[in-house]
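Okay, here's what each chain looks like letter by letter:
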Amino acid sequence: MLPYIAEFIGTMMLIILGDGVVANVTLNKSGMKGAGSIQITIAWGLAVMLPAFIFGAASGAHFNPALTIALAADGSLAWSMVPGYLVAQFVGAFVGAVIVWILFKGQFEATDDPGTKLGVFSCGPSIPNFVLNILAEVVATFVLVFAIKGIPADAPAGVGNLLVFGIIVSIGMSLGGLTGYALNPARDLGPRFAHAVLPIAGKGSSNWGYGIVTLVGPIIGALLAVGLYAIIPW
């Protein structure tokens, strides 16, 4: 039970901090409005790192269905654990997004643009192109998972979490402008569902069609990463 609780709370924290920084920087009447993409990118790295320090020993700190599926595929996680991990991750992401909405309710009400409101919850492409958008998520998630697999097993305690912070920030600063670098189906689809069901005034469409990109791309990228890592004669 502990791994599932860890995945739920960890993913909830990830979204509170990650979606929270987007709300902080983009919504009207926020004290940090306009701080920019650098703050968002660094904060997303921290949003992954902080719960990883807390829950790494309890669950492996996946917080990401694509990573969970890939690690099960390469034998690092029992397939019997996967359903519980996925439920915990998606529910945690949904709850985290609801908390962000509650905290920033006044700022949401002060913001007119529906796209800005959706952008707090979910990713979107700078140039809509279904094939290239999926490819961007495949490549970005491949880098994430391949780099995670490459963290030395004998690295001192905590160093791996710092390296994951660096990986997330690097991907965001290099590829984030293409699709918002979901890298994680729960990170996008959990909050997107929250956007769909919450009574957000003037929110517009939840753009579920784009959810295919953030579901399929990261899973393909993660599976390719563990597949290649497994055949390299280290």
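Read on for an overview of the structure. Just so we're clear, the structure is a prediction, and the values are computed from it rather than from any experiment.

Thresholds applied
- Residues numbered from 1 in each chain as written.
- Predicted model: local features only at pLDDT ≥ 70, side-chain atom pairs only at ≥ 80, totals over all residues.
- Heavy atoms only, no water.
- Helix = DSSP H or I, 4+ residues; strand = E, 2+ residues; numbered from the N terminus.
- Rg over C-alpha atoms; globule rule 2.2 N^0.38 Å.
- Buried < 20%, exposed > 50% of the residue type's maximum accessible area, 1.4 Å probe, protein only.
- Contact = heavy atoms within 4.5 Å.
- Areas by Shrake-Rupley, 256 points an atom, 1.4 Å probe, with all protein chains shown as cover.
- Lys, Arg positive; Asp, Glu negative; His and termini not counted.
- Charge placed at Lys NZ, Arg CZ, Asp CG, Glu CD.
- Core = buried A, V, L, I, M, F, W, Y, C linked by side-chain atoms within 4.5 Å.
- Phe/Tyr/Trp six-rings, centres within 6.5 Å; stacked < 30°, edge-to-face > 60°.
- Expected span 1.5 Å × (residues − 1).
- Bend = angle between axes of the 7 residues up to and from the residue.

1. Some remarks on the overall build of the chain
Here's step 1: A count of helical and extended segments in the chain gives 10 helices and zero strands.
Here's step 2: Taken from N to C terminus, the helices and strands of the chain fall in the order α-α-α-α-α-α-α-α-α-α.
Here's step 3: Computed over its C-alpha atoms, the radius of gyration of the chain comes to 17 Å, within 12% of the 17 Å expected for a compact globule of 234 residues.
Here's step 4: For the chain, the spread of C-alpha atoms along the three principal axes comes to 55 × 35 × 30 Å.
Here's step 5: For the chain, with 234 residues in total, the buried portion stands at 47%.
Here's step 6: Long-range contacts, defined here as pairs at least 24 residues apart, represent 77% of the contacts in the chain between residues at least 6 apart.
Here's step 7: Accessible surface for the chain amounts to roughly 10,200 Å². Of this, 73% is attributable to carbon and sulfur atoms.
Here's step 8: Taking the average location of the 8 positive side-chain charges in the chain and that of its 9 negative ones, the two points are 10 Å from each other.

2. What to know about the nonpolar core
Here's step 1: Within the largest apolar cluster, 38 residues are counted, with the highest numbers of intra-cluster contacts made by Trp44, Phe108, Val120 and Phe121.
Here's step 2: Listing elements by their share of this core, those giving two or more residues are α1 (2-26), α2 (37-59), α4 (82-103), α6 (114-121), α7 (130-149), α8 (159-179) and α9 (185-197).
Here's step 3: Ignoring anything within four residues of it in the chain, the contact list for phenylalanine 121 reads Asp19, Ala97, Trp101, Phe108, Arg187, Asp188, Pro191, Ala194, His195, Leu198 and Ile200.
Here's step 4: Residues Ala66, Tyr85, Val145 and Val226 belong to the second largest nonpolar core, which totals 12 residues.

3. Some remarks on the packing of aromatic side chains
Two aromatic rings, taken as a pair, are described by how far apart their centres are and by the angle between their planes.
Here's step 1: The tally for this structure, following the rule as stated, stands at six aromatic pairs.
Here's step 2: Ring plane angle 75 degrees and centroid distance 5.6 Å describe the contact between phenylalanine 146 and tyrosine 229, whose orientation is recorded as edge-to-face. With a gap of 83 residues between them, phenylalanine 146 in helix α7 and tyrosine 229 in helix α10 (residues 211-231) connect regions that are remote in the sequence.
Here's step 3: A relative accessible area of 22% places phenylalanine 146 in the partly exposed class.

4. Concerning α2
Owing to its 3.6 residues per turn, the α-helix brings residues three or four apart onto one side.
Here's step 1: Between its first and last C-alpha atoms α2 spans 30 Å; for 23 residues at 1.5 Å apiece the expected length is 33 Å, and the two agree.
Here's step 2: At phenylalanine 53, α2 is deflected by roughly 55 degrees, the largest bend along its length.
Here's step 3: Regarding α2, the residues found buried are Ile40, Thr41, Ala43, Trp44, Gly45, Ala47, Val48, Met49, Pro51, Ala52, Phe55 and Ser59.
Here's step 4: Buried-residue contacts for α2 involve α1, α4, α8 and α9.

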